[in-house]
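# Remarks on the overall topology
What follows is the residue order along each chain.
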Amino acid sequence: MNIGEEMRRRGISVVLGSFNRLKFLKLTIESIRQELSQAPFPAEIIVVDGGSTDGTLKWLIKQKDVITVVQHNRGEWRGKKIERRSWGYFMNLGFKCAQGKYVCMLSDDCLVVPGAITNGVNLFEEELGKGKKVGAVAFYWRNWPEQQKYWIGLTFGNKIFVNHGMYSKKALEDVGYIDEETFAFYHADGDLSLRMWQKGYVCIDSPDSYIEHYSHANIKVRSSNLAVQKQDWENYKNRWEAVLGVPDRDWIEKDYLDGTYTAREFRKRWFRL
């Protein structure tokens, strides 16, 4: 891997948001650890927890290689209901304290297929070395076990955005991070990539970076998030559709055979599917 001096000095920050998914979080963290164990650059793992009650916080404070940020996002305090903050506010806590040259965004119900992060860093360094103004690199991912192919998302103007992948910390700073006010939970990631585009950055795909995602990790939490999707979509469409037009398609799909069978960890640890 041909990496520059800044990368050798600052490395990468891997940021995850989490809430009541301890079983999955343990798997995700371990897959990140394995991926970065031989990396020729420094790395940090940052978990922003929304006030979990399933033992996650007790476990996290024992993990000496994990920086934990607790943002109680539900429940009551001193007789008053805690106002639930947006996904953008939640993730920006991790993004803003990240020290890395790059910020890798993953979910707490994902597994890193070996090589995903290091290949993403290598591509980022290579493209920046060519003088390209890359702001983000998208990883291919799939919902396991229902999907066979991996994909990356396209948004308005046929532009790639990051579901799982990496951002330049400088690009995040230049655009003022995620919009915390306009979107409650959905489409803020696409909006972030498009605001980077407005600043002259491009978002590209990493053809050798793959993520396994288990989409049924916490159905109750996912259902509460889906309740706000319609308004988030209207806000997103109103901001960008007239500017860029609708995409020709929503996804770019790709066949890939993971020789390490990473997704078996989901099955092996907890599930009989």
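Worth saying up front: this structure is predicted, and the values here are computed from it rather than measured. (Residues numbered from 1 in each chain as written. Predicted model: local features only at pLDDT ≥ 70, side-chain atom pairs only at ≥ 80, totals over all residues. Heavy atoms only, no water.)

### Let's talk about the overall build of the protein
- Helix and strand counts for the protein stand at 10 helices and 13 strands.
- For the protein, the C-alpha radius of gyration of 18 Å lies close to 19 Å, the compact-globule estimate for 273 residues.
- Each of the 273 residues in the protein was classed as buried or not, and the buried ones make up 52%.
- Entry remark: accessible area of the protein is about 13400 Å², with carbon and sulfur atoms responsible for 49%.
- The average position of the 40 basic charges and that of the 35 acidic charges among the side chains of the protein differ by 5 Å. (Helix = DSSP H or I, 4+ residues; strand = E, 2+ residues; numbered from the N terminus. Rg over C-alpha atoms; globule rule 2.2 N^0.38 Å. Buried < 20%, exposed > 50% of the residue type's maximum accessible area, 1.4 Å probe, protein only. Areas by Shrake-Rupley, 256 points an atom, 1.4 Å probe, with all protein chains shown as cover. Lys, Arg positive; Asp, Glu negative; His and termini not counted. Charge placed at Lys NZ, Arg CZ, Asp CG, Glu CD.)

### Notes on the pattern of salt bridges
- Inspection of the entire model under this criterion finds 17 salt bridges.
- The salt bridge involving Glu30 is made with Arg33; its shortest N-O contact spans 3.5 Å. Of the two residues, Glu30 and Arg33 are both situated in helix 2 (residues 22-36); the distance of three residues between them amounts to about one turn of the helix.
- Judged by relative accessible area, which is 22%, Arg33 ranks as partly exposed.
- Asp174 is the partner of Lys170 in a salt bridge, and the nearest nitrogen-oxygen pair spans 3.0 Å. With a gap of four residues between them, Lys170 and Asp174 both fall in helix 6 (residues 169-175), about one helical turn apart.
- One network of salt bridges, in which partners are shared, links Glu6, Arg10, Lys101 and Glu125. (Salt bridge = Lys/Arg side-chain N within 4 Å of Asp/Glu carboxyl O.)

### Focus on the environment of Val202
- With respect to the helices and strands, the residue Val202 is situated in strand 12 (residues 202-214).
- Considering only alpha carbons, one finds Val202 and Lys133, 69 residues apart in sequence, at a separation of 6.3 Å.
- Other than its neighbours up to four places away in sequence, Val202 contacts Lys133, Val134, Gly135 and Ala136. (Contact = heavy atoms within 4.5 Å.)

### Quick look at the side chain of Ser86
- Along the chain, Ser86 falls in the loop between strand 5 (80-81) and helix 4 (87-97).
- Once you skip the residues sitting within four places of it in the chain, Ser86 turns out to touch Glu180, Phe183 and Ala184.

### Observations concerning the packing of helix 7 (residues 188-198) against helix 9 (residues 229-244)
- For the pair helix 7 and helix 9, interaxial distance at closest approach is 11 Å and the crossing angle is 40 degrees. Taken together, helix 7 and helix 9 sit at an angle that is classed as oblique. In this structure, helix 7 crosses over helix 9, and the sense of that crossing is left-handed. For the pair formed by helix 7 and helix 9, the contact residues are Gly190, Asp191, Leu194, Arg195, Trp197 and Gln198 on the first element and Tyr236, Arg239, Trp240, Val243 and Leu244 on the second.
- For the contact of helix 7 with helix 9, the residue count by class is six nonpolar, two polar and three charged. (Axes fitted to C-alpha atoms, helices over the stretch in contact; angles between N-to-C directions. Parallel < 35°, antiparallel > 145°, perpendicular 65-115°, else oblique. Left-handed = near helix turned anticlockwise from the far one by under 90°. Nonpolar A, V, L, I, M, F, W, Y, C, P; charged D, E, K, R; others polar.)

### Quick look at the side chain of Thr56
- Mapped onto the secondary structure, Thr56 falls in helix 3 (residues 56-60).
- A polar contact of 2.6 Å, which involves the side chain of Thr56, links it to the side chain of Asp54.
- With residues up to four places along the chain from it excluded, the contact list for Thr56 reads Asn20, Arg21, Leu22, Leu25 and Asp49. (Polar contact = N/O pair within 3.5 Å; in protein donor to acceptor, adjacent residues only side chain to side chain.)

### Focus: the pairing of strand 9 (residues 150-155)
- Counting buried residues along strand 9, six of its six residues qualify, which places the element largely inside the surrounding structure.
- Side-chain alternation along strand 9 places Tyr150, Ile152 and Leu154 on one buried face and Trp151, Gly153 and Thr155 on a second face that is also buried.
- In the sheet, strand 9 pairs with strand 10 (residues 159-161) via three bridges, with the strands oriented antiparallel. Bridge pairing links Thr155 to Lys159 in strand 10.
- A loop of three residues connects strand 9 with strand 10, the two strands running antiparallel in sequence, and Gly157 in this loop sits at a positive phi of about 75 degrees. (Pairing = 2+ DSSP bridges.)

### Section: the state of the cysteines
- Evaluated as defined, the whole model comprises zero disulfides.
- For the unlinked cysteine Cys110, the closest cysteine sulfur is that of Cys104, found at 9.8 Å.
- With no disulfide partner, Cys203 has as its closest neighbouring cysteine sulfur the one in Cys104, 13 Å distant. (Disulfide = S-S within 2.5 Å.)

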